[in-house]
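Structural features, examined
Read off the chains here:
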Amino acid sequence: MRPDTPAENVDHAAEAARLERTAGLYPEDAEALLLRAAAHLELSGDRPAATRLYDRLLSSDTPSAPLDNPSLVRALKASNLWEYDHEAEARAIIDGVRMAAPRDPAPWVIVAEALESHDELEAAHETFTEGARLLVADAARPPQPTHPLLYGRHRVRRMLGLEHDEWDALADTLHSMPVSLDELHDPKRVWSLGSDDPADLEAEISRLRAELGAYRQALSRPFPVAMLHWPAGELAELTEAYPSLSAEYPSYDDHLASIEAALRELASSGTPNLGVVPGTVPSYEAFAASEGASPADPTLLPQYATTLAARGLAVTWPPQPGTACWCGSQRPYGECHGA
Ligand SMILES: [Zn+2]
Ligand SMILES: [Zn+2]
C-alpha cells in the first residue's frame, strides 16, 4: 500500500474538486475538507479560488452551526490574500486574529509567519510572543502543538539580533532535529551578503527558503499523510468481495507490518504529520460510487485514505508513549508494532 498524497505529483485542482465533492457528501466534516481543498487551490496557484472557499467557510459560521476553528480559517485566508497583493485586507484580518486571542497555536503561527515572510520582523516577533504568552505560559514542558510558536519566535529573534531569553533556551531544548535551532536560525547565514561568490549565496538563500517553505507547509497544513488500515474483519470482507485487491494485502499480519514499515520510512525521510486511518468496506464502496469507479480498482485505495484523512479521521502516528498501538490490539504501542 502506498501512502496518500505524494506532494509533488498531485493534480491540485482535481484534488480540490474531489474534496469539495466529498464535503457535499459529509457536511459534518466540511470544515476539514474545505480547508484541505483550499490548501490544494493555493498550491495550484489559484489563490482567488482558495479565498472563495475560506469565505464560504466563514459565512457558514453561525451560532447554530459554529466553525470548529474560525481563527484558523481567518489566519489561512489572510496568509493567502497577502500572497496575491491584498496586503491591506490581510493586515486587517491578522489584527483581528490577534485581538481574538485564539487558544490554538496554529492561527498564531500562521499569521506570525505571514508577517515574517513579508519582512515584518518586529510585528512577527510580537505576534509569536503574544501567542506564547497565552499558550505556553511558563510550563517547563509545553504541549507539542505550541512548539512551533517557540521555534518561530526563536527564529525571528535571531534575525533581529536579540539575546536568548528563557523561551529561546526552552526552544533549544525542545528541538530534536540533528541541526540545532541556533545553527538553523543563524542570521549570518542570511546576512553573509559580503560573500564573494554569488552562487554560494544564492544556494544558501534558496536553501533557507526551502527550509522555511517546508516548515510552513507542515505547520499550516496540519493534514496527516495517512496510511490506510483495514481492521481484520473489514479486510476479510474486502478481499472476499474484491479478490483483485488481495494482491495489495496478502495477509492481515502482513498488512499491519507494511503499514508500520511505511510509516517508519516516511518518518526517517522527514515527512511530518503522519497518521493511520481505519477503513470500512461500506464507506469504501460509497467512496468508489462517488468517484464513479469500481471498488476493485486498487488505485482508488490511496485516494480513499486521503479522503478519510481529510475528514479528520486519522490518528497520529507514532502513538504517544504508553498509549495503545494503532492496530487495535489494545497493547501498548511499544510492546506491539512499536517494538
Ligand atoms: Zn537557541
Ligand atoms: Zn500493533
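Cut-off values and rules
- Residues numbered from 1 in each chain as written.
- Chains lettered and ligands numbered in written order.
- Predicted model: local features only at pLDDT ≥ 70, side-chain atom pairs only at ≥ 80, totals over all residues.
- Heavy atoms only, no water.
- pLDDT = per-residue confidence, 0-100.
- Helix = DSSP H or I, 4+ residues; strand = E, 2+ residues; numbered from the N terminus.
- Contact = heavy atoms within 4.5 Å.
- Donors = N, O, S within 2.8 Å, 3.2 Å for Na, K, Ca; no water.
- Tetrahedral: all angles 85-135°; square planar, octahedral: opposite > 155°, others 65-115°.
- Axes fitted to C-alpha atoms, helices over the stretch in contact; angles between N-to-C directions.
- Left-handed = near helix turned anticlockwise from the far one by under 90°.
- Nonpolar A, V, L, I, M, F, W, Y, C, P; charged D, E, K, R; others polar.
- Expected span 1.5 Å × (residues − 1).
- Buried < 20%, exposed > 50% of the residue type's maximum accessible area, 1.4 Å probe, protein only.
- Arc of directions from axis to C-beta.
- Pairing = 2+ DSSP bridges.
- 1 Å grid on protein atoms, 1.4 Å probe; cavity = no way out; pocket = protein on both sides within 12 Å on 5 of 7 lines; lining within 4 Å.
- Points joined across faces, edges and corners; volume = space filled by probe spheres on them.
- Polar contact = N/O pair within 3.5 Å; in protein donor to acceptor, adjacent residues only side chain to side chain.
- Phe/Tyr/Trp six-rings, centres within 6.5 Å; stacked < 30°, edge-to-face > 60°.

Turning to the confidence of the model for the chain, a few remarks are in order. Scored by pLDDT, the chain comes out at a mean of 84, with 83% of its residues at no less than 70. Per-element confidence in the chain ranges from a low mean pLDDT of 52 for helix 12 (residues 198–220) to a high of 97 for helix 5 (residues 87–100). Per-residue pLDDT stays below 50 along residues 1–7; that stretch engages in 27 contacts with residues further than four places along the chain or on separate chains. In the model, residues 190–194 has pLDDT below 50 throughout and makes 5 contacts with residues more than four positions away in sequence or in other chains.

For the rest of this paragraph, the subject is the coordination of the zinc ion (ligand 2). Surrounding the zinc ion (ligand 2) are the protein donor atoms Cys325 (SG), Cys327 (SG), Cys336 (SG) and His337 (ND1), which sit 2.0 to 2.4 Å from the metal. With 4 donor atoms in place around the zinc ion (ligand 2) and angles of 105 to 114° between them, the coordination shape is tetrahedral. Read in sequence order, the donor residues coordinating the zinc ion (ligand 2) give the pattern C-x1-C-x8-C-H.

Across the interface, helix 5 lies against helix 6 (residues 105–117) with an axial gap of 10 Å and an inter-helix angle of 145°. Helix 5 and helix 6 meet at a crossing whose hand is left-handed. Together, Ile94, Val97 and Arg98 of helix 5 and Pro107, Trp108, Val111, Ala114 and Leu115 of helix 6 make up the contact between the two elements. When the residues that make up the contact of helix 5 with helix 6 are grouped by side-chain class, the tally is 7 nonpolar, no polar and 1 charged.

Taking 1.5 Å of rise per residue, the 14 residues of helix 5 would be expected to cover 20 Å, and the 20 Å separating its terminal C-alpha atoms lies within 8% of that figure. Taken residue by residue, helix 5 has Ala90, Ile93, Ile94, Val97 and Arg98 as its buried positions. Considered in projection along helix 5, the buried side chains sweep an arc of 140° and stay on one side of the axis. When the buried face of helix 5 is taken as reference, the exposed residues oriented beyond 90 degrees from it are Ala88 and Met99. Of the surrounding secondary structure, the elements contacted by the buried residues of helix 5 are helix 4 (70–83), helix 6 and helix 7 (121–135). Two residues or fewer past helix 5, Ala101 is found with a positive phi of approximately 45°.

The buried fraction of strand 2 (residues 274–278) is high, at 4 of 5 residues. Examined bridge by bridge, strand 1 (residues 225–229) and strand 2 share 5 bridges and lie parallel to one another. When the bridges of strand 2 are listed, His229 appears paired with Pro278. Direction of pairing for strand 2 relative to strand 3 (residues 315–316): antiparallel, over a ladder of 2 bridges. Pairing of Gly275 across the sheet is with Thr316, part of strand 3.

Further remarks concern empty space enclosed by the protein. Vacant regions in the atomic arrangement are exposed by a probe of water-molecule size rolled over the atoms. Per the stated rule, a full pass over the model turns up 1 cavity of 30 Å³ or more. Taken together, Thr22, Leu25, Tyr26, Ser283, Phe287, Ser290, Tyr304, Thr307, Leu308 and Arg311 form the lining of the largest cavity. Of all the elements in the fold, those that place two or more residues in the lining of the largest cavity are helix 1 (12–25), helix 15 (281–290) and helix 16 (300–310). Here the residues of the lining of the largest cavity are counted per class, giving 5 nonpolar, 4 polar and 1 charged.

Within the span of helix 9 (residues 166–174), buried status applies to Trp167, Asp168, Leu170, Ala171 and Leu174. Along helix 9, the residues classed as buried sweep out an arc of 160° about the axis, all on the same side. Exposed and oriented more than 90 degrees from the buried face of helix 9 are Glu166 and Thr173. Two or three places before Trp167, at the start of helix 9, stands the capping residue Asp165, its side-chain oxygen 3.2 Å from that residue's backbone nitrogen.

Spatially, 3 strands are ordered 1-2-3 in an open sheet, and the strand pairing comes out mixed. This sheet does not close on itself; its edge strands, each paired only once, are strand 1 and strand 3. Contacting strand 1 and strand 2, helix 14 (residues 252–268) runs over the sheet at an angle of about 170° to strand 1. Relative to strand 1, helix 16 is tilted by about 115°, and along the sheet it contacts strand 1 and strand 2.

Tallying each qualifying case throughout the model produces 4 aromatic pairs. Geometrically, the ring pair formed by Trp230 and Tyr284 is edge-to-face, given 5.6 Å between the ring centres and 85° between the ring planes. Taken together, the residues span a long stretch of sequence, with Trp230 in the loop between strand 1 and helix 13 (232–241) and Tyr284 in helix 15 at a distance of 54 residues. Tyr284 matches Trp230 in its accessibility class, with the two residues each being buried. Seen in terms of ring centroids, Phe287 and Tyr304 are 5.7 Å apart; in terms of plane orientation they differ by 45°. Their pairing is tilted.

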